[in-house]
Amino acid sequence: QVQLVESGGGLVQPGGSLRLSCTTSGSILSINAMGWYRQAPGKQREAVASITKWGSTTYAGSVRGRFSISRDNAKNTVYLQMNSMKPEDTAVYYCAAALTPGEFDYWGQGTQVTVSS
C-alpha cells in the first residue's frame, strides 16, 4: 500500500506561481513513476505531468514550458512547480503513484488550485 499526501494548493492570480508537494508513505524509490493529474468542474480528469524513478518526465501539451515536475528521493516527495498560471489551470490536482509501469493505482486526496484575479 502507498499513501500519498498532497499540499500546496490555493488561490493564485493569473501569471502567478504555486508549488504542489506530494509525500509518499514509503520509499519513493520503490515506486515506478509518480504523476500529477487534475480535474476541473464538469471535465474529465487529465494527466498533467509524470516522472519515472529514473527521472524521465512527460508533460501535457497545455502545461509544457510552464509546469515542472521533480522529485526529492531523500524526502520521498514529488513536486509540481506551476508558473505563468492561467485561469484554465483551475482544478483539483491529484498526486498518483504507479508501482507497475503505466498503471497509476494509488491516489492522493487532491488539493484545490484556483487561478483567479
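Structure report, in brief. What you see is a predicted model, and the numbers here were worked out from it, not measured in a lab. (Residues numbered from 1 in each chain as written. Predicted model: local features only at pLDDT ≥ 70, side-chain atom pairs only at ≥ 80, totals over all residues. Heavy atoms only, no water.)

Right, let's talk about the overall build of the chain for a bit. Scanning the chain for helices and strands turns up zero helices and 11 strands. The N-to-C order of helical and strand elements in the chain reads β-β-β-β-β-β-β-β-β-β-β. Relative to the globule expectation of 13 Å for 117 residues, the C-alpha radius of gyration of the chain, 13 Å, shows essentially globular dimensions. Counting only C-alpha atoms and orienting by the principal axes, one finds that the chain spans roughly 40 × 25 × 25 Å. (Helix = DSSP H or I, 4+ residues; strand = E, 2+ residues; numbered from the N terminus. Rg over C-alpha atoms; globule rule 2.2 N^0.38 Å.)

Looking now at the packing of aromatic side chains. In this structure the tally under the stated criterion is two aromatic pairs. Pairing Tyr37 with Phe104 gives two aromatic rings, centres 5.6 Å apart and planes at 70°, and the pair type is edge-to-face. With Tyr37 in strand S4 (residues 33-39) and Phe104 in the loop between strand S9 (91-98) and strand S10 (106-107), this pair connects stretches of sequence that are 67 residues apart. With a relative accessible area of 18%, Tyr37 lands in the buried category. The buried category is assigned to Phe104, whose relative accessible area is 19%. Note on Tyr37 and Trp107: the rings are 4.9 Å apart at their centroids and 65° apart in plane angle, and the pair reads as edge-to-face. Of this pair, Tyr37 sits in strand S4 while Trp107 is found in strand S10, placing the two residues 70 residues apart along the sequence. The exposure class assigned to Trp107 is partly exposed, which follows from its relative accessible area of 29%. (Phe/Tyr/Trp six-rings, centres within 6.5 Å; stacked < 30°, edge-to-face > 60°. Buried < 20%, exposed > 50% of the residue type's maximum accessible area, 1.4 Å probe, protein only.)

Here we take up the nonpolar core. By size, the foremost hydrophobic cluster in this structure holds 29 residues, and its most contacted members are Met34, Trp36, Leu80, Met82 and Tyr93. Of all the secondary structure elements, the ones that give two or more residues to this core are strand S3 (18-24), S4, strand S5 (46-52), strand S7 (67-72), strand S8 (77-82), S9 and strand S11 (111-115). (Core = buried A, V, L, I, M, F, W, Y, C linked by side-chain atoms within 4.5 Å.)

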